[in-house]
Amino acid sequence: QVRLVESGGGLVQAGGSLRLSCAASTSIQTPSSMNWFRQGPGNQRELVAAIDNTGHADYARSVQGRFTISRDNAKNTAYLQMDGLKPEDTAVYLCHFRNDVYMTDYWGQGTQVTVSS
């Protein structure tokens, strides 16, 4: 069973920055995508950013230009650098790993990000 462990969440003032990490218990050096989702109170889970094993990244329009996703395949870790945080970014952020070879999906437990105004 693959485990994903997120870290880096917390409380920050609007305009501040946080860096989330997601460490996988398996090698991510395979056709795959590492993704960050978020779910705010009363909201549906939404995809924030995604990065595949070639380094190609995509972002939700709401975070474009403020968030940066990256991955270190040697460390089996993905990151989400969040700058210019806004109160509406408040949510539980969840890491997701998709193995494109075996078509399997894994989720982390989530980390809380709270942005105060």
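For the structure itself, consult the block above.
For the structure given in this document, a descriptive report is provided here.

Reading the values: the criteria
Residues numbered from 1 in each chain as written. Predicted model: local features only at pLDDT ≥ 70, side-chain atom pairs only at ≥ 80, totals over all residues. Heavy atoms only, no water. Core = buried A, V, L, I, M, F, W, Y, C linked by side-chain atoms within 4.5 Å. Buried < 20%, exposed > 50% of the residue type's maximum accessible area, 1.4 Å probe, protein only. Helix = DSSP H or I, 4+ residues; strand = E, 2+ residues; numbered from the N terminus. Contact = heavy atoms within 4.5 Å. Pairing = 2+ DSSP bridges. Phe/Tyr/Trp six-rings, centres within 6.5 Å; stacked < 30°, edge-to-face > 60°. Salt bridge = Lys/Arg side-chain N within 4 Å of Asp/Glu carboxyl O.

## Comments concerning the nonpolar core
L4, M34, W36, F67, L80, M82 and Y93 are the most contacted members of the largest nonpolar core, which has 28 residues in total. Residue assignment for this core shows that the elements contributing at least two residues are strand 3 (18-24), strand 4 (32-39), strand 5 (46-52), strand 7 (67-72), strand 8 (77-82), strand 9 (91-99) and strand 11 (111-116). Excluding its chain neighbours within four sequence positions, the residues that come into contact with L80 are L18, R19, L20, W36, V48, A49, F67, T68, I69 and Y93.

## Focus on the pairing of strand 10 (residues 104-107)
Inspection of the sheet shows strand 9 paired to strand 10 by 4 bridges, in the antiparallel sense. Along strand 10, the bridge assignment pairs H96 with W107.

## A word on the packing of aromatic side chains
Under the counting rule described, the total for this entry stands at 2 aromatic pairs. Taken together, a centroid distance of 4.9 Å and an interplanar angle of 55° make the contact between F37 and W107 tilted. Here F37 is found in strand 4, whereas its partner W107 is found in strand 10, with 70 residues between them in sequence. For F37, a relative accessible area of 17% puts it in the buried group.

## Considerations on the pattern of salt bridges
Opposite charge on two side chains makes pairing possible when the charged atoms of those side chains draw close. Counted under the stated rule, the structure contains 4 salt bridges. In this structure, D89 engages R38 in a salt bridge whose closest nitrogen and oxygen atoms are separated by 2.9 Å. Highlighted residues: D89 in the loop between strand 8 and strand 9 and R38 in strand 4, separated in sequence by 51 residues. As far as the burial class goes, D89 and R38 line up, both buried. The partner of D105 in a salt bridge is R98, and the shortest N-O contact between them spans 3.4 Å. A residue is classified by how much of its surface remains accessible, and R98, at 23% relative accessible area, is partly exposed. What emerges from the salt-bridge pattern is a single network uniting R38, E46, R66 and D89.

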